[in-house]
Amino acid sequence: MKTHLSLLTKNVRSVLAASAAFSVIAAAPVYAQEADDEKKAEDYEQIAVVGSRAAPRSIGDSAVPIDIISSEEFKQQGATDMVSMMQTVVPSFNVNDQPINDASTLVRPANLRGMAADHTLVLVNGKRRHRSAVITFLGGGLSDGAQGPDISVIPASALKQVEVLRDGAAAQYGSDAIAGVINFVLNDASEGGTFEARYGSFYEGDGDMIQLSGNIGLPLSDAGFINLSAEYRTADDTSRSVQRDDAAALVAAGNTFVADPAQIWGSPEIKHDIKLFANAGLELSDSSEAYMFGNYAVREVEGGFYFRNPHTRGGVFANDGSLLVGDLTGDMSGNCPTDIAPGANVLTNDRYINEVANNPDCFAFNEILPGGFTPRFGGEVTDMSLVFGTKGELDNDVTYDVSVNLGQNEVDFKISNTINPSLGPDTPFEFSPGRYTQSEQTLDIDFTKPFDVGLYEPLFVATGFQYRHESYESFAGDTASYEIGPLASQGFGIGSNGFPGLAANSQGLVSRHNVAFYIDAEAYITENFMLAGALRYEDFSDFGDTTKGKIAFRWQALENIAFRGAYSTGFKAPTLGQSNVRNVTTAFGTNGELIDRATLPPTDPVSQLKGGEQLTPEESESITFGIVAQFDSGLFITADYYNIELTDRLSTASGIALTDEDIATLISQGINDASSFSEISFFTNDFDTTTEGVDVVANYSMEMLGGDTKFSLAYNWTSTIVDRASDNISDFRIRMLEDNLPAVRYSATANHTNGDWRFLTRLNYFGSIFEDHLDSALPINKVGSEFTVDLEVAYSFTEDFTLTVGAKNALDEYPDENTQYAGIAGSLYPTTAPIGINGGFYYLRGMYTF
């Protein structure tokens, strides 16, 4: 495309030539290419658009820290989903397994620079990505209540590169960009393509994964392109569990119906994961073009849940320590016992056998579920988007970009191997407890123009307007998932146990809109000093307006050393889901027992009784300061310090116990299943934090052993302190916010090419963390630091076909065993351990290029 490239090129100074010397950039290496034309293409990928609306600059020439990950880097690792891939290549990007964590099983929350999952703005081709409909009700403390985009729907095969701006950028891009910005740049090739087949499995012999993906570029007439990508993946579940103590006691007492293990901790099963992406462009004239891109993705996931003990699970099997027995007669004439003590094995209890099991008028769930049960929870996530627009250059050197952005994400929850206790023996065992849809429509109008004001370079000024409309809609579950059955009045729980369905009177649609105006300015004041600034005003229909700003600089102090820094203010608006969602989930409560916890809108009367208030935006102040050193030898080093003060942070309150009066109030509101609730939670702005850290990146290339070797070191230190917290944020939550991410994390990579062979070794270090096992039910447990090693060997049989064998966590490292708590819920390892709980993973990959 010719669109204003001539204008931009003259402002990308001689540093672009220097950037060609850097074979490895930012967080991870960009691997060597053999052909000169491929090398030139790689050099072009050193240039980032994100972070500045002026001329694209090399990452070394940027005023703020930017990582650029090439498409090759995503192909040369063992991870297969985008979230895990990003963790491998970006040092301050963290994500952990979510074995049993409610909606987090469907969309895993990820953290950049110690912030929550929705503190990072996600762009695709520079356009804002819509949010997921999934709200992370249980997010390991840090991301509790987060509602960010689902980046796992983006296939690696669709990418040209990924740009990670590690700096506050709300003044440039709007809400959410507190931690930074991730821009996924789509492949725009008009010819050629790839096909890849991959198989992998964990050393334990489970979690088998099959993935097929492909990309093809096609011409769109003589003046355009269309690039298509597709990916299909399935993965079996894993188990890293031991038998629970209570389940083992049941078996020892003669209950042969208890599963072993009764509760499974491991990765969920991915039944299918289909991703489709298209990117197209068409030159309209020498100075204008039209573009369009979009996606469709659908993923079905199913994972484990908590074991329901046939002696103690309240509302199903027990009531105040006695066996819960229902009277099936219409007039309560069954004279059913209410004082049977289960003992070691209720199935051998004479009173149970004679008065319940053999009495047609009385019923206990032990009759149909003698060994208890463990629900299977998951759902189907559907994601789609379409962006279209036009951009170009006018005669007066003004460039323009006008686009319309449509996005939607929907989650349809599923739960099986469970019951609606209030329906008694007539209960189904599978339910659809509800569906949530997040929809967004955005109009962007952007202009840029250079002004010659006597500085070393022209002053670039960018200005624009954005209108965004979004809605969050909740749909009721199937009737059985929330139905109040005939046994509800006798103490049996209401709704699908584990994840009660959303009732018809609680469904609904909420929406809002916002408008934004911004202005950016950037210029080299002198040959060695660049100054940039941004100002943004946004007005939201539901909570008001805000104005944020940013100033940044870059100073080339010496030939090989430059300093850079920025100060910015930022904000994150509360999402519609956070302000309005109603949800019930099963979790370990503050009393250490499984309970049903209802999440209510903060403006609900019961929430307000417990301290709930109208949500307000989170506000941030961010400082970044760093040094860039680039030498003729090819050594490239950056070190950046950041400090983020975040006030009025949004999160879910820790569980708050309900009184009988509270429950009566809920029932009077029409929430008839409230008698099953033990605790409530709601979103609050109840704490402030200060997060600081350092990112260090060092890269070097050299000839050795008859080939070329690229070395890369990426280091991150992050510390978060909770400066203020209300009584709604527990001490356990505070410790998780401060210490559940590794304070230090780094990776050192060596990638050696020699003829048709390529060898990769990556050493990863994850610092220690503290885990609040089972959602605040138990004291915090220290998880020790760990090293892991990734290995990969590739051989190119022809110019078109390469076979790769590799291992992620090749030495099969596991976190410290959960010896203190393993028997309580059956989790052998701390579930939020940074290295995961599954151990080593090996894979075989074949790639054909045409």
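Predicted model only: the values in this text are computed from it and were never measured.

### Section: the overall build of the chain
Now for step 1: When its secondary structure is counted, the chain shows 15 helices and 43 strands.
Now for step 2: Here the chain has a C-alpha radius of gyration of 28 Å; the compact-globule value for 850 residues is 29 Å, and the two agree.
Now for step 3: The C-alpha extent of the chain, read off along each of the three principal axes, is 95 × 60 × 50 Å.
Now for step 4: Residues classed as buried in the chain amount to 62% of the 850 residues present.
Now for step 5: Counting contacts in the chain only where the partners sit at least 6 residues apart, residues at least 24 apart contribute 71% of the total.
Now for step 6: Split by element, the accessible area of the chain, about 30,200 Å² in all, is 55% carbon and sulfur.
Now for step 7: Mean positive and mean negative side-chain charge positions of the chain (53 and 115 charges, respectively) differ by 5 Å.

### What to know about the pairing of strand 10 (residues 159-165)
Now for step 1: Extensive coverage of strand 10 is indicated by the burial of 7 of its 7 residues.
Now for step 2: As judged from the 5 bridges shared by strand 5 (residues 66-70) and strand 10, these two strands associate in the antiparallel manner. Each residue of the ladder has a partner; that of Ile68, found in strand 10, is Glu163.
Now for step 3: Relative to strand 11 (residues 180-186), strand 10 is paired through 6 bridges, and the arrangement is antiparallel. Bridged to Glu163 within strand 11 is Asn183.

### Quick look at the side chain of Thr234
Now for step 1: If you trace the backbone, Thr234 turns up in strand 14 (residues 224-235).
Now for step 2: For Thr234, a relative accessible area of 18% gives the class buried.
Now for step 3: Not counting residues up to four positions away in its chain, the partners in contact with Thr234 are Asp208, Met209, Ile210, Ile270, Lys271 and His272.

### Focus on the nonpolar core
Now for step 1: Among the nonpolar cores identified, the biggest contains 37 residues, and Phe74, Met82, Met86, Phe93, Val162 and Phe184 are the most heavily contacted of them.
Now for step 2: Contributions of two or more residues to this core are made by helix 5 (82-89), strand 8 (120-124), strand 10, strand 11, strand 16 (288-303) and strand 32 (636-652).
Now for step 3: Formed by 30 residues, the second largest nonpolar core is a distinct cluster that contains Leu106, Val107, Leu774 and Ala825.

### With respect to the environment of Gly784
Now for step 1: Residue position: Gly784 is located in the loop between strand 40 (780-783) and strand 41 (786-796).
Now for step 2: When the C-alpha atoms of Gly784 and Phe770 are compared, they prove to be 8.6 Å apart, with 14 residues separating the residues in sequence.

### So, the pairing of strand 35 (residues 683-704)
Now for step 1: Relative to strand 35, strand 32 runs antiparallel, the two being bridged by 14 bridges. Bridged to Ile637 within strand 35 is Ala698.
Now for step 2: In the sheet, strand 35 pairs with strand 36 (residues 707-725) via 18 bridges, with the strands oriented antiparallel. Among the inter-strand pairings, Asn699 is bridged to a residue of strand 36, identified as Ser712.
Now for step 3: Taken together, strand 35 and the strand that follows it, strand 36, pair antiparallel across an intervening segment of 2 residues, in which Leu705 is found at a positive phi of about 50 degrees.

### Structural notes on the pattern of salt bridges
Now for step 1: All chains considered together, the criterion is met by 41 salt bridges.
Now for step 2: The partner of Lys127 in a salt bridge is Asp401, with the nearest N and O atoms 3.3 Å apart. You can see Lys127 sitting in strand 9 (residues 127-128) and its partner Asp401 sitting in strand 22 (residues 399-416), a full 274 residues away along the chain.
Now for step 3: Judged by relative accessible area, which is 7%, Lys127 ranks as buried.
Now for step 4: Taking the shortest distance from any N to any O, the salt bridge between Glu792 and Arg758 comes out at 2.7 Å. Taken together, the positions of Glu792 in strand 41 and Arg758 in strand 38 (residues 757-766) put the pair 34 residues apart, joining distant regions of the chain.
Now for step 5: Judged by relative accessible area, which is 2%, Glu792 ranks as buried.
Now for step 6: Overall, Arg758 belongs to the buried group, its relative accessible area being 10%.
Now for step 7: Taken together, the shared-partner salt bridges connect Glu196, Arg198, Arg758, Glu792 and Arg845 into one network.

### Concerning the sheet that holds strand 10
Strand pairing in a sheet relies on backbone hydrogen bonds, with the paired strands running either antiparallel or parallel.
Now for step 1: Read from one edge of the open sheet, 5 strands run 5-10-11-8-9, paired in mixed fashion. Looking at strand neighbours, the two that pair on one side only are strand 5 and strand 9, the edges of this open sheet.
Now for step 2: By the bridge criterion, 5 bridges tie strand 8 to strand 11 in an arrangement that is parallel. Residue Leu123 lies in a different strand from strand 11, and its bridge partner there is Asn183.

### Points about the packing of aromatic side chains
Now for step 1: This structure, assessed with the given rule, holds 31 aromatic pairs.
Now for step 2: Centroid distance Tyr746 to Tyr765: 5.0 Å. Interplanar angle 20 degrees. Geometry classified as stacked. Taken together, the residues Tyr746 in strand 37 (residues 744-754) and Tyr765 in strand 38 connect sequence positions 19 residues apart.
Now for step 3: The partly exposed category is assigned to Tyr746, whose relative accessible area is 24%.
Now for step 4: The side chain of Arg198 reaches across the aromatic face of Tyr843, ending 5.9 Å from its centre.
Now for step 5: Above the plane of the ring of Phe451 lies Lys449, whose end atom (NZ or CZ) is 5.4 Å from the centre.

### A few points about helix 13 (residues 731-739)
Now for step 1: Those residues of helix 13 that fall on the buried side of the exposure criterion are Arg733, Ile734, Met736 and Leu737. One side of helix 13 holds all its buried residues, which, seen down the axis, span an arc of 160 degrees.
Now for step 2: Taken together, the buried residues of helix 13 touch strand 32, strand 35, strand 36 and strand 39 (769-772).

### A short note on the side chain of Gln77
Now for step 1: Within the element layout of this structure, Gln77 appears in the loop between helix 4 (71-75) and helix 5.
Now for step 2: Of the polar contacts made by the side chain of Gln77, one reaches the side chain of Thr88; its length is 3.0 Å.
Now for step 3: In this view, Gln77 contacts Ser84, Met85, Thr88, Val89, Arg198, Arg762, Glu792, Tyr843 and Arg845; residues no more than four positions away in its chain are not counted.

### Notes on unusual backbone geometry
Trans peptide bonds make up most of the peptide bonds, and negative phi angles are found at most residues other than glycine.
Now for step 1: In this model, Asp260 is joined to Pro261 through a cis peptide bond whose omega is 0 degrees.
Now for step 2: When you line up the elements, Pro261 lands in the loop between helix 7 (245-252) and strand 15 (269-285).
Now for step 3: You will see that Asp320, though not glycine, has its phi angle at about 55 degrees, which is positive.
Now for step 4: By the element assignment, Asp320 lies in the loop between strand 17 (318-319) and strand 18 (322-323).
Now for step 5: Classification of Asp320 as exposed rests on a relative accessible area of 77%.

The rules behind each value
Within each chain, residue numbers correspond to sequence positions counted from 1 in written order. Only residues with pLDDT of at least 70 get local features here, since the model is predicted, and only at 80 or more are side-chain atom pairs given and counted; chain-wide, interface and lining totals rely on the full set of residues. Neither water nor hydrogens contribute to the side-chain values; these are computed over all heavy atoms in the structure. Strands are runs of DSSP state E lasting at least two residues, helices are runs of H or I lasting at least four, and both sets are numbered from the N terminus onward. The globule rule is 2.2 Å times the number of residues to the power 0.38, and the radius of gyration it is compared with is taken over C-alpha atoms. When a residue's accessible area, from a 1.4 Å probe over protein chains only, is under 20% of the maximum for its type it is buried; when over 50% it is exposed; and in between it is partly exposed. Whether two residues are in contact is decided by their heavy atoms: any pair within 4.5 Å suffices. Per-residue and other accessible areas were derived by the Shrake-Rupley procedure at a 1.4 Å probe size, with only the shown protein chains allowed to occlude residues. His residues and chain termini do not enter the charge count, which takes Lys and Arg as positive and Asp and Glu as negative. Charge placement uses NZ in Lys and CZ in Arg. For Asp and Glu, CG and CD serve respectively. By definition, two strands form a pair when at least two bridges between them are found by DSSP. The nonpolar core is taken to be a set of buried Ala, Val, Leu, Ile, Met, Phe, Trp, Tyr and Cys residues, with the residues joined through side-chain atoms within 4.5 Å. Counted as salt bridges are all cases of a side-chain nitrogen of Lys or Arg within 4 Å of a carboxyl oxygen of Asp or Glu. Pairs were defined over the aromatic rings of Phe, Tyr and Trp, the Trp ring being its six-membered one, requiring ring centres within 6.5 Å. Orientation was assigned from the angle between planes: stacked under 30 degrees, edge-to-face over 60, tilted for the rest. Throughout this description, the term charge over a ring refers to an Arg CZ or Lys NZ atom that lies within 6 Å of the ring centre and within 35 degrees of the ring normal. Here the arc refers to the directions that run from the helix axis out to each C-beta atom. Polar contact is the term for a pair of N or O atoms within 3.5 Å; when the atoms are in protein, one must be able to donate a hydrogen and the other to accept it, and sequence-neighboring residues count only if both atoms are side-chain atoms.

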